[in-house]
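Here's the letter readout for the chains.
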Amino acid sequence: MNIKLHSYYADLGKNFSASAKPERIENPQILMWNQSLATELGLNLTPTEQAQYFSGKKLFAGSKPVAMAYSGHQFGHFNPHLGDGRAHLLGEIRNSDGQIQELHLKGSGATPFSRNGDGKCAIKPAVREFIMSEAMFALGVPTTRTLAVVATGEPLYRQQETTGAIVTRVATSHLRVGTFEYFAARGMYEELEQLVNLTTSRHYPEIDINSPNKYLELYSQVIGKTVQLIVQWMRVGFIHGVMNTDNTLLSGETIDYGPCAMLGVYHPSAVYSSIDKNGRYAFGNQPNIAHWNLARLAECFIPLIDKDEKTAIDTIMPVLKSYADKYETAFNHMMANKLGFNKSSNATVKLSNDLLSLMQQNKLDYTQTFHSLSSLNEQMIPDVLNQWRDDWKSELKENSQSHEEITKIMQRNNPLVIPRNHHVETVLKDVEENQSTEKVNEFLSVLRSPYEMTTKTHKYQDTAPEYDFSYQTFCGT
Ligand code: AMP
Ligand code: MG
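Residues numbered from 1 in each chain as written. Chains lettered and ligands numbered in written order. Predicted model: local features only at pLDDT ≥ 70, side-chain atom pairs only at ≥ 80, totals over all residues. Heavy atoms only, no water.

S.K.: So what's going on with helix 5 (residues 189-203)? Which residues, and what values?
M.R.: Between its first and last C-alpha atoms helix 5 spans 21 Å; for 15 residues at 1.5 Å apiece the expected length is 21 Å, and the two agree. Of the positions making up helix 5, those classed as buried are Glu191, Leu192, Leu195, Val196, Leu198, Thr199, Thr200, Arg202 and His203. Residues of helix 5 that are buried sit in contact with strand 6 (87-94), strand 7 (100-106), helix 4 (177-185), helix 6 (214-236) and helix 7 (286-305). (Helix = DSSP H or I, 4+ residues; strand = E, 2+ residues; numbered from the N terminus. Expected span 1.5 Å × (residues − 1). Buried < 20%, exposed > 50% of the residue type's maximum accessible area, 1.4 Å probe, protein only. Contact = heavy atoms within 4.5 Å.)

Next comes the structure, spelled out in structure tokens:
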């Protein structure tokens, strides 16, 4: 078929990325294929073609594969030398809406940014990225997507021996806070300006790139998008696990499903990543960390805003500071929705705070508790919430919404099913040990309708508090 990729990012030149070819795989096999995404992208390929193009064995016309340059703050420490160490940007394609989408292989071999890494990705984390990103998409959370997982059939050594895979990530861009940091740290202000223009025209086209105010406007838009993203994570109980600035996109999409996990029993300090010893990226700390990452982005904008550093800081600080209020407003609104109200008020804020405290004290499951409330079925609601439930019901009565409206708003905001950690691990084990995708595909079919009760939904709603208690995730893609 006649597919031609653009090479917009590659054509920015060698300051932005290094030309790099995916490593040749002898016998790639397609393991997972996202047909609805492929259709959106106009990719009508046979399984053999899928495996060849999305392992990098064959290249689409126009493709100039590159490894992108970026820096990043990892767990608070600046690392100027990161970049795609195991990934290749193949190029850009337009989807059926005309939106540019980048096709990015991960696990496709070493690049000039690999340092000591092998450039590879193991099969379990590759399939994990497929499951988690599809689940997040269906939940309505802004996210990068996964088009394909190709098995390389080649052995790989991680915690134990496994086999390799290549994930194809589809994203509106890979413009990270760390990309800006890369140029800011090197005093490369012309390139920074180019990045500002690229980000603006790709993601925020309503901003005039000839306006002297564009930096502040862009920054303010990124703050807005980030607020929306984090609020959505908090709504569904998603714990990213590695919110470094190189894993933070200016588009406001979720990226990097390495050590992520889902919240079971509600606790703000829930953390699953084996390397996050201090809980920097704990569930309840995510809004603060996003703010911290946005402060790092503000620092990159300072030299562009004004030659005088103090003037620049005075200009951008109020925008950075606006994050806290914007977040609080958006969070309160989201929680009000979860409780069936169409807007927040002092009363809904109190109800939501009280509920979260009760959930924490009584070790209640986050998703199940909200689901029990959405059912408006007294029998399903845990007894420890009786007093709270009466307060909630009387507040709902005060409000003039109809019963139907309340149910609708709650059912839209409280998923029936999320990719629970124990189910994710069970299906991954099956893929790795038996090379079978039967279980993972059944799981995905349920995760793709998280607000609808399907015949199989029930099977994936069970909680495993003990399992979650000792659950650990790894970065080892
Ligand atoms: P991540 O933890 O995925 O955000 O990756 C952080 C950095 O480490 C990025 O620059 C990656 O490209 C690099 N990296 C991670 N795993 C590998 C690997 N197996 N080989 C080469 N580079 C890697
Ligand atoms: Mg990353």
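S.K.: If you had to explain the domain arrangement of the chain to someone new, which residues and values would you point to?
M.R.: Entries for the chain in the domain assignment read domain 1 (10-171) and domain 2 (175-420 + 462-477). Each of domain 1 and domain 2 was reduced to a C-alpha centroid, and the two centroids are 26 Å apart. Taken together, the contact between domain 1 and domain 2 spans 42 residues of the former and 49 residues of the latter. Between domain 1 and domain 2 the total buried area reaches about 3,700 Å² when both faces are included, carbon and sulfur atoms providing 59% of it. For the interface between domain 1 and domain 2, the tally reads two salt bridges. The residue Glu102 makes a salt bridge to Arg202 at a minimum N-O spacing of 3.3 Å. Taken together, the connections running from domain 1 to domain 2 amount to 16 residue pairs in polar contact (both at pLDDT 80 or more). Elements with a contribution of two residues or more to the side of domain 1 that touches domain 2: strand 4 (72-74), strand 7, helix 3 (123-139) and strand 9 (161-171). If you tally residues by element for the side of domain 1 that touches domain 2, the top one is helix 3, at eight residues. Residue composition of the side of domain 1 that touches domain 2, by class: 19 nonpolar, 13 polar and ten charged. (Domains from an automatic or database assignment. Buried area = accessible area lost by both parts, 1.4 Å probe. Salt bridge = Lys/Arg side-chain N within 4 Å of Asp/Glu carboxyl O. Polar contact = N/O pair within 3.5 Å; in protein donor to acceptor, adjacent residues only side chain to side chain. Nonpolar A, V, L, I, M, F, W, Y, C, P; charged D, E, K, R; others polar.)

S.K.: Kindly report on the environment of Gly109, identifying the contributing residues and their values.
M.R.: Among the secondary structure elements, Gly109 is positioned in the loop between strand 7 and helix 3. For Gly109, a relative accessible area of 0% corresponds to the buried category. Note: C-alpha distance between Gly109 and Arg24 (85 residues apart in sequence) is 8.5 Å. Gly109 has contacts with Glu23, Gly85, Arg86, Ala87, His88, Gly119 and Lys120, leaving out every residue within four places of it along the chain.

S.K.: Describe the packing of aromatic side chains, and please don't skip the residues or the numbers.
M.R.: Enumeration according to the criterion identifies 21 aromatic pairs in this entry. Judged by centre distance (4.8 Å) and plane angle (50 degrees), the rings of Phe16 and Phe183 are tilted. Of this pair, Phe16 sits in the segment before strand 1 (17-19) while Phe183 sits in helix 4; the two residues are 167 residues apart in sequence, bridging distant segments of the chain. There is no split in this pair, since Phe16 and Phe183 are both buried. Where Tyr327 meets Phe331, the ring centres are 5.8 Å apart and the plane angle is 20 degrees; that geometry is what we call stacked. Taken as a pair, Tyr327 and Phe331 lie in helix 8 (residues 309-338) at a separation of four residues, close to a single helical turn. Accessibility expressed as a relative area gives 11% for Tyr327, which makes it buried. Among the residues examined, Phe331 registers a relative accessible area of 17% and is labelled buried. (Phe/Tyr/Trp six-rings, centres within 6.5 Å; stacked < 30°, edge-to-face > 60°.)

S.K.: How would you explain helix 9 (residues 346-361) if you had to name every residue and give the values?
M.R.: Taking 1.5 Å of rise per residue, the 16 residues of helix 9 would be expected to cover 22 Å, and the 23 Å separating its terminal C-alpha atoms lies within 8% of that figure. Downstream of helix 9 by a residue or two, Lys363 has a phi angle that is positive, lying close to 55 degrees.

S.K.: Please provide a residue-by-residue account of the side chain of His104, values included.
M.R.: Mapped onto the elements, His104 comes out in strand 7. On the basis of relative accessible area, His104 is assigned to the buried category, the value being 0%. At a separation of 3.3 Å, a polar atom in the side chain of His104 contacts the side chain of Asp84. Those residues in contact with His104 that sit more than four places away from it in its chain are Met68, Asp84, Ala87, His88, Leu89, Val167, Thr168, Arg169 and His174.

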